[in-house]
Amino acid sequence: MRLKSFTAPSMDAAMRRIRAEFGEDAVIVATRPVNGRREVCVTAAIDRADVISAEVAAAPAPPASPVDGAGAEGDGVVAAIDRALAYHRAPDDARARVRVAVNEQASSTAEALAGALGECFAFAPLDLDLDPGRAPPALALVGPSGMGKTVTIAKIAARVALAGKPPRVVTTDNFRAGGIDQLRALTRLLDIDLETAASPRELEKVAGAGDGLLLIDTAGINPFSRASLVALSELLDGVGAEPVLTLAAGGNADDAAEIGEAFAAIGCARLVLTRLDAARRLGAALAAVASGGLAFADVSLSPHVSRGLRPLDPAGLARLLLCHPNAETPPTRSCEATQ
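Presented here is an overview of the structure given in this document.

## A closer look at the nonpolar core
In terms of nonpolar packing, the biggest core is built from 65 residues, with Val98, Phe121, Ile216, Phe263, Leu271 and Phe296 touching the most fellow members. Every residue in contact with Phe263, bar those within four places of it in the chain, is listed here: Val142, Gly143, Pro144, Ile221, Pro223, Leu229, Leu232, Leu245 and Cys268. By size, the runner-up hydrophobic cluster in this structure holds 36 residues, among which are Phe6, Leu128, Leu139 and Val272.

## A few points about a negative patch on the surface
Together, Asp254, Asp255, Glu258 and Glu261 give the surface a local cluster of negative charge. With respect to the element layout, Asp254 can be found in helix 10 (residues 253-264). A relative accessible area of 58% means that Asp254 is categorised as exposed.

## Looking at helix 11 (residues 283-292)
Each turn of an α-helix holds 3.6 residues, which means side chains three or four residues apart point in the same direction. Burial analysis of helix 11 places 8 of its 10 residues in the buried class, the great majority of the element. For helix 11, the full list of buried residues reads Gly283, Ala284, Ala285, Leu286, Ala287, Ala288, Val289 and Gly292. Where the residues of helix 11 are buried, they touch helix 3 (77-87), strand 9 (242-248), helix 10, strand 10 (270-274), strand 11 (295-299) and helix 12 (314-322). Phi for Gly293, located one or two positions after helix 11, is positive at around 65°.

## Section: unusual backbone geometry
Even without a glycine there, the phi angle at Arg89 is positive, about 60°. Relative to the helices and strands, Arg89 is located in the loop between helix 3 and helix 4 (92-101). Accessibility expressed as a relative area gives 41% for Arg89, which makes it partly exposed. Despite not being glycine, Arg275 has its phi angle at roughly 60°, a positive value. By the element assignment, Arg275 lies in the loop between strand 10 and helix 11.

## Re the environment of Val98
Inspection of the secondary structure puts Val98 in helix 4. Along the sequence, Val98 and Cys120 sit 22 residues apart, while their C-alpha atoms lie 6.5 Å from each other. Those residues in contact with Val98 that lie beyond four places of it in its chain are Ile81, Leu85, Leu113, Ala116, Leu117, Cys120 and Phe121.

## Here's the deal with the pattern of salt bridges
If the charged atoms of two oppositely charged side chains come close together, the side chains can form a pair. Going through the model one piece at a time under the given rule, you end up with 6 salt bridges. With a shortest N-O distance of 3.6 Å, Arg168 and Glu195 are connected by a salt bridge. Here Arg168 is found in strand 6 (residues 168-171), whereas its partner Glu195 is found in strand 7 (residues 194-196), with 27 residues between them in sequence. A residue is classified by how much of its surface remains accessible, and Arg168, at 11% relative accessible area, is buried. Taken together, the shared-partner salt bridges in this structure form one network comprising Asp82, Arg95 and Arg99.

## Description of helix 6 (residues 149-162)
If you check helix 6, its first and last C-alpha atoms are 20 Å apart, about what 14 residues at 1.5 Å a residue would give, namely 20 Å. Here helix 6 lies mainly inside the structure; 12 of its 14 residues are buried. For helix 6, the full list of buried residues reads Lys149, Thr150, Thr152, Ile153, Ala154, Lys155, Ile156, Ala157, Ala158, Val160, Ala161 and Leu162. After helix 6 finishes, the residue Gly164 shows a positive phi value of roughly 85°.

## Points about the pairing of strand 11
Consecutive side chains along a regular strand alternate between the two faces of the sheet. Within strand 11, 5 of the 5 residues are buried, leaving the element largely enclosed by the surrounding structure. Of the strand pairs in this sheet, strand 4 (residues 122-123) and strand 11 are connected by 2 bridges, and their pairing is parallel. Within the sheet, the bridge partner assigned to Phe123 lies in strand 11 and is Phe296. Pairing of strand 10 with strand 11 involves 3 bridges; the strand directions are parallel. For Leu273, the partnering residue across the bridge sits in strand 11 and is Val299. As paired strands, strand 11 and strand 12 (residues 310-311) are joined by 2 bridges and run antiparallel to one another. Residue pairing across strands places Val299 opposite Arg310, the latter belonging to strand 12.

## With respect to the side chain of Lys155
Its place among the elements puts Lys155 in helix 6. Asp277 provides the closest opposite charge to the buried, salt-bridge-free Lys155, at an N-O distance of 6.9 Å. A distance of 2.5 Å separates polar atoms of two side chains, one belonging to Lys155 and the other to Ser300.

## As for the packing of helix 4 against helix 5 (residues 109-120)
Put simply, helix 4 and helix 5 touch, their axes get as near as 8 Å, and they point 120° apart. Taken together, the axes of helix 4 and helix 5 lie oblique to each other. In this structure, helix 4 meets helix 5 at a crossing whose hand is right-handed. Across the interface between the two elements, Arg97, Val98 and Ala101 of helix 4 pack against Leu113, Ala116, Leu117, Glu119 and Cys120 of helix 5. Counted by class, the contact of helix 4 with helix 5 contains 6 nonpolar, no polar and 2 charged residues.

Definitions and limits used
Residues numbered from 1 in each chain as written. Predicted model: local features only at pLDDT ≥ 70, side-chain atom pairs only at ≥ 80, totals over all residues. Heavy atoms only, no water. Core = buried A, V, L, I, M, F, W, Y, C linked by side-chain atoms within 4.5 Å. Buried < 20%, exposed > 50% of the residue type's maximum accessible area, 1.4 Å probe, protein only. Contact = heavy atoms within 4.5 Å. Patch = residues over 30% accessible without salt bridge, like charges linked within 9 Å, V, L, I, M, F, W, Y side chains within 5 Å. Areas by Shrake-Rupley, 256 points an atom, 1.4 Å probe, with all protein chains shown as cover. Salt bridge = Lys/Arg side-chain N within 4 Å of Asp/Glu carboxyl O. Lys, Arg positive; Asp, Glu negative; His and termini not counted. Charge placed at Lys NZ, Arg CZ, Asp CG, Glu CD. Helix = DSSP H or I, 4+ residues; strand = E, 2+ residues; numbered from the N terminus. Expected span 1.5 Å × (residues − 1). Pairing = 2+ DSSP bridges. Polar contact = N/O pair within 3.5 Å; in protein donor to acceptor, adjacent residues only side chain to side chain. Axes fitted to C-alpha atoms, helices over the stretch in contact; angles between N-to-C directions. Parallel < 35°, antiparallel > 145°, perpendicular 65-115°, else oblique. Left-handed = near helix turned anticlockwise from the far one by under 90°. Nonpolar A, V, L, I, M, F, W, Y, C, P; charged D, E, K, R; others polar.

Dropping the structure here:
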């Protein structure tokens, strides 16, 4: 691990220097005011092993897949892809759709799977390019408790702030112990003031009090409670915020399918997938997107705020399905799931 301190007139300036030298995978270790609080000193670290793992998952061109060698056993591309989907506990209907869409003439299994995923699923990365010619968007991260919404809000805020356009961040999570304190600690590192709103009226007031991208951190709710879903929808309607479902990788595919349907019913059209570093199988994510008619947006491969989110495209999803970076044993016949 490499450590280095950066001194700058503001947190935003320090983060730009860190990003220029260490890249977006730097980890913030400490921050403190210096020179009579006129400047800030930020200590950052980078772990080369972690960076390599993240880059493998985010590289534009997919590496050779561990299931590409299945042809030596007499299997074709379709069989190799189906084994990988079985390993991830992908729903039967999704597996069937992908099988039909596979181009067996593709140059590799990864390319064939990426093409099939592009036909079977939608992909719509978060729109954070703040065009001065149009009104800035408002995004609200929604989902069950424990999905990583608060950290994801901080990651989005960091991405926008580093681009020189600090967002406004508001939390409506007044129920979880320490929730506001956690987000305030994260936004403070970016020199962003955290605002709070406990009701639709308060949220409308906050939204109308300034300009710029508005990021809303919501409280986790029970996706199977109609009353909770209605209350969440009413909270966001007044500010015209787009609800984005936030779901942690892993979990039960049947539950995820119902969660996807529930949040699609209140206007969710995209899904942010979190905690890929702590999951081995992605079938639940496929189930949520398929059942809810959602689009894959961005993914989080690390719990560290500074490492941000990465847009997900068909090639990236194919890479994760064929060679998940956290899987000690890749999805080959030896770890194939039987269904």
